[in-house]
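Structure assessment
Below are the chains, spelled out letter by letter.
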Amino acid sequence: MKVKDLLAEGEKRLSAAGIENPALEAWYMLEDICGIDRVHYYTHPVEVADSECAERFEEAIRRRMGHEPLQYILGKTCFMGLDFMVGPTVLIPRQDTEVLVETVLSYIKSKDVDVLDMCTGSGCILLSLMALGGLDHGWGSDISADALQMAERNQKALDIQGAQWILSSLFEEMTGKYDMIVSNPPYISSGEIDGLMPEVRDFEPRLALDGEEDGLAFYRAISQKAPEFLKPGGMLFFEIGCTQAADVTACMAAHGFKNICTIKDLAGLDRVVYGNIA
Ligand code: GLN
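Counting 31 residues, the largest nonpolar core has Phe171 and Ile181 as its most contacted members. Among the elements of the structure, strand E3 (115-118), strand E6 (178-183), helix H11 (217-225), strand E7 (230-239) and helix H12 (245-254) are those that each provide at least two residues to this core. Looking at which element gives the most residues to this core, the answer is H11, with four residues. Not counting residues within four places of it along the chain, the set of residues in contact with Ile181 comprises Leu116, Phe171, Ala226, Phe229, Leu230, Met235, Leu236 and Phe237. Residues Leu82, Cys124, Ile160 and Val272 belong to the second largest nonpolar core, which totals 30 residues.

Direction of pairing for strand E4 (residues 138-142) relative to strand E5 (residues 163-167): parallel, over a ladder of five bridges. Following the sheet pairing, Asp142 is matched in E5 by Leu167. This β-α-β element, E4 to helix H8 (residues 145-157) to E5, shows right-handed connectivity.

As enumerated under the stated definition, the model contains 21 salt bridges in all. The partner of Arg64 in a salt bridge is Glu25, and the shortest N-O contact between them spans 2.5 Å. One end of the pair, Arg64, is in helix H4 (residues 51-65); the other, Glu25, is in helix H2 (residues 22-34), with 39 residues separating them in the sequence. Take Arg64 and Glu25: they sit in the same class, and that class is buried. Two residues, Arg271 and Asp96, come together in a salt bridge whose shortest N-O distance is 3.9 Å. Here Arg271 is found in strand E9 (residues 270-276), whereas its partner Asp96 is found in helix H6 (residues 96-105), with 175 residues between them in sequence. Bridged by salt links that share partners, the residues Glu25, Arg64 and Glu199 form one connected network.

Moving on, we get to the site of the ligand. Lining the immediate surroundings of the ligand are Leu91, Thr97, Cys119, Thr120, Cys124, Ile125, Asn184, Pro185, Pro186 and Ala208. One of the backbone nitrogen or oxygen atoms of Thr120 is found 3.4 Å away from a nitrogen atom of the ligand. Asn184 places a side-chain nitrogen or oxygen 2.8 Å from an oxygen atom of the ligand. Of the residues that constitute the shell around the ligand, the class distribution is seven nonpolar, three polar and no charged.

Right, let's get into unusual backbone geometry. Comment: phi is negative for the bulk of residues other than glycine, and the bulk of peptide bonds are trans. Look at Cys119: it is not a glycine, yet its phi comes out positive at around 70 degrees. The topology assignment puts Cys119 in the loop between E3 and helix H7 (124-133). The phi dihedral of Asn259 is positive, around 50 degrees, even though this residue is not glycine. Mapped onto the secondary structure, Asn259 falls in strand E8 (residues 258-264). When its relative accessible area of 57% is taken as the criterion, Asn259 is described as exposed.

The next point concerns the packing of aromatic side chains. Both the distance between ring centres and the angle between the ring planes are used here to describe each pair of aromatic rings. By the definition in use, this model includes 11 aromatic pairs. A ring pair is formed by Trp27 and Tyr42, whose centres lie 6.1 Å apart and whose planes are at 40 degrees; its orientation type is tilted. With a gap of 15 residues between them, Trp27 in helix H2 and Tyr42 in helix H3 (residues 38-43) connect regions that are remote in the sequence. By relative accessible area, Trp27 is classed as buried at 9%. Classification of Tyr42 as exposed rests on a relative accessible area of 56%. Measuring from ring centre to ring centre gives 5.0 Å for Tyr41 and Tyr42, while their planes differ by 85 degrees; the resulting arrangement is edge-to-face.

Looking at the secondary structure, you find Pro93 in the loop between strand E2 (82-85) and H6. Relative accessible area serves as the criterion here: at 10%, Pro93 is assigned to the buried category. The spatial distance from the C-alpha of Pro93 to the C-alpha of Ile277 is 28 Å, given a sequence separation of 184 residues. Setting aside residues up to four positions removed in sequence, Pro93 forms contacts with Thr77, Phe79, Val86, Ser122 and Cys124.

About the thresholds
Residues numbered from 1 in each chain as written. Predicted model: local features only at pLDDT ≥ 70, side-chain atom pairs only at ≥ 80, totals over all residues. Heavy atoms only, no water. Core = buried A, V, L, I, M, F, W, Y, C linked by side-chain atoms within 4.5 Å. Buried < 20%, exposed > 50% of the residue type's maximum accessible area, 1.4 Å probe, protein only. Helix = DSSP H or I, 4+ residues; strand = E, 2+ residues; numbered from the N terminus. Contact = heavy atoms within 4.5 Å. Pairing = 2+ DSSP bridges. Right-handed = clockwise from strand over helix to strand, strands pointing away. Salt bridge = Lys/Arg side-chain N within 4 Å of Asp/Glu carboxyl O. Near = heavy atom within 4 Å. Polar contact = N/O pair within 3.5 Å; in protein donor to acceptor, adjacent residues only side chain to side chain. Nonpolar A, V, L, I, M, F, W, Y, C, P; charged D, E, K, R; others polar. Phe/Tyr/Trp six-rings, centres within 6.5 Å; stacked < 30°, edge-to-face > 60°.

Function cannot be inferred from these measures alone, as they are strictly geometric.
Structure follows, in structure tokens:
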């Protein structure tokens, strides 16, 4: 089959399955799975795809037609300009979360800052902070051993030294004191999960999404315990759901945090809440 027909056919099938950007996604698959980029394609328009490549492309199209996220099919995504490997054991890093990373980065003034990323998942937050903030050490924790395995793979692939991974349900196994605790915890209320798009609902780990009854369980638990694990003046940074700023602010205030600020994402929605202890 000609590459041109393979691409057109793939696009048509994605479109029929209700995928929002069928042309773009078919391109990503062609580039990634068959190694044919746009320049090559346009300079070799009638090239015939070898059968192994066509098969792999078609398998990817089939998976995507079942609404599996493109990032899981390709096994990777880009976050803060870095490539992260992803799979069904970890939440796919979101662009929204880059606002959290940028906010924390603006407070990192030396490579010695002790940062803990709680609920680290793929490790995207901690590893971006280390790579872009020049940190020579950092800690990431998660309740899922599978997630930590992915975080460690990402650390190796990005060639970042000094990250340590801690298997822990929130603070249970934690020791030590940190300058900053950062977290993008699960924050969707249990009742809302069924209404999410199938890509999220049926494929991303529920453990990484479910913030229990009102979506705020992790903010409460982390805000309550964090002061014990922060050095004097230490900071706590959260990513939040866009309707949660007032509740998360109140919760942090109730546990002694001061100077609590909210930062909006690029869509103008509340996305980050942070503050410090005395
Ligand atoms: N910290 C990871 C991320 O931001 C995972 C978050 C989660 O599992 N809720 O992508």
